[in-house]
Amino acid sequence: MDLEKKPEPEKQPEPQRQAAPAKPAEPATAETVFADPQGSLRASDADRDRIADILRDALAEGRIDAEEHSDRIDAVYRAKTVGELEPIVRDLPGARTRKEPAPDYGYGPEEADGPPANLVAIFSSTTRKGRWRVSRRTNAFALFGNIEIDLTEAIFAQRLTTINATSIFGNVEVRVPENISLRGNGSGIFGNFEVVTLEGVDPQAPVVVINGYSVFGNVEARPKRGKWITDLQDKLRKHLGH
């Protein structure tokens, strides 16, 4: 008796394998994060000075007023990256491509630091004023005495001039022209240390820095009204005999 062949069961279609889930995107590497180095690069002093120069030019040309110049300068020296600096001058000429200005002042070649000039007043008075050549560094020490340093007619043979002032029961006064840069760093102990900060409009103008302290005394530096350096280059050439 022939056995009846049973029909083979139909093969069920195999379920399709689901595609493996996509791997989450890998976090950006440091190279990707800093793909724009110009914006995230830490700002240097030279970067800040470049922006400050653009602002000085804009103030001189009447593009911004003194109050806006002051606000923007504050922002410049608070900025930590180049990306924070550029927006400050984005609406001013020279913000993108700025040529180095030709020097307006003839300071002469850089010289090695020589000995500083020393002014001492102990129970006495010392004065430097008129036409005189300012040293790169000057030390002023007043003990129960008075020192007056008048730079309004002085000849600056270098751009940066540093005055280290110490007053103990005494007085040190510095007067400068209105169109230079004046900066200070010091303190008073039962005394007064006061420097009226100036920013010269011309980026090549001399810079005078007052450092020091006073103990029961006074150290003061401020501009002298109506006194300007009008042509430093000609003054220097006449002084040197060129």
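Cut-offs used in this document
- Residues numbered from 1 in each chain as written.
- Predicted model: local features only at pLDDT ≥ 70, side-chain atom pairs only at ≥ 80, totals over all residues.
- Heavy atoms only, no water.
- Pairing = 2+ DSSP bridges.
- Helix = DSSP H or I, 4+ residues; strand = E, 2+ residues; numbered from the N terminus.
- Axes fitted to C-alpha atoms, helices over the stretch in contact; angles between N-to-C directions.
- Salt bridge = Lys/Arg side-chain N within 4 Å of Asp/Glu carboxyl O.
- Buried < 20%, exposed > 50% of the residue type's maximum accessible area, 1.4 Å probe, protein only.
- Core = buried A, V, L, I, M, F, W, Y, C linked by side-chain atoms within 4.5 Å.
- Contact = heavy atoms within 4.5 Å.
- Phe/Tyr/Trp six-rings, centres within 6.5 Å; stacked < 30°, edge-to-face > 60°.

1. Some details on the sheet that holds strand 12 (residues 218-223)
In spatial order, the strands read 2-5-8-12-10; together these five strands make up an open sheet with parallel pairing. Strands with a single pairing partner mark the edges of an open sheet, and in this sheet they are strand 2 (125-128) and strand 10 (192-195). The sheet shows a mean angle of 10 degrees between the axes of neighbouring strands, direction not considered.

2. Considerations on the pattern of salt bridges
Counting across every chain of the model gives 13 salt bridges. One salt bridge in this structure joins Lys 224 and Asp 150, with 3.3 Å as the shortest N-O distance. A residue pair is termed long-range when its members are at least 10 positions apart, and Lys 224 in the loop between strand 12 and helix 6 (232-240) and Asp 150 in strand 5 (residues 146-150) qualify at 74 residues. Of the charged contacts in the structure, one is a salt bridge between Glu 173 and Arg 175, with a shortest N-O distance of 3.4 Å. The class for Arg 175 is buried, based on a relative accessible area of 17%.

3. Looking at the nonpolar core
Judged by nonpolar contacts, the single largest core of 25 residues is most densely connected at Ile 147, Ile 149, Leu 151, Val 174, Leu 182, Val 208 and Ile 210. Breaking this core down by element, the ones donating at least two residues are strand 1 (117-122), strand 4 (137-143), strand 5, strand 7 (160-168), strand 8 (171-176), strand 10, strand 11 (207-215) and strand 12. Ranked by residues supplied to this core, first place goes to strand 8 with three residues. In this structure Val 208 touches Leu 151, Phe 156, Thr 161, Ile 163, Ile 180, Ser 181, Leu 182 and Arg 183, once residues within four positions along its chain are discounted.

4. Some remarks on the packing of aromatic side chains
Counted according to the given criterion, the structure contains four aromatic pairs. Between Phe 123 and Phe 144, the aromatic rings sit 5.0 Å apart at their centres with planes inclined by 5 degrees, giving stacked as the arrangement. Linking Phe 123 in the loop between strand 1 and strand 2 with Phe 144 in the loop between strand 4 and strand 5, this pair joins segments that are 21 residues apart in sequence. Ring centres 4.9 Å apart and planes at 5 degrees place the aromatic pair Phe 144 and Phe 169 in the stacked group. Taken together, the residues Phe 144 in the loop between strand 4 and strand 5 and Phe 169 in the loop between strand 7 and strand 8 connect sequence positions 25 residues apart. Members of the aromatic cluster, each reached through a chain of ring pairs, are Phe 123, Phe 144, Phe 169, Phe 190 and Phe 216.

5. Comments concerning unusual backbone geometry
A positive phi angle, close to 55 degrees, is found at Phe 169, a residue other than glycine. For Phe 169, a relative accessible area of 40% gives the class partly exposed. Notably, Phe 216 is not glycine yet its phi reads approximately 50 degrees, a positive angle. Looking at the secondary structure, you find Phe 216 in the loop between strand 11 and strand 12.

By themselves, these figures tell us nothing about what the structure is for.
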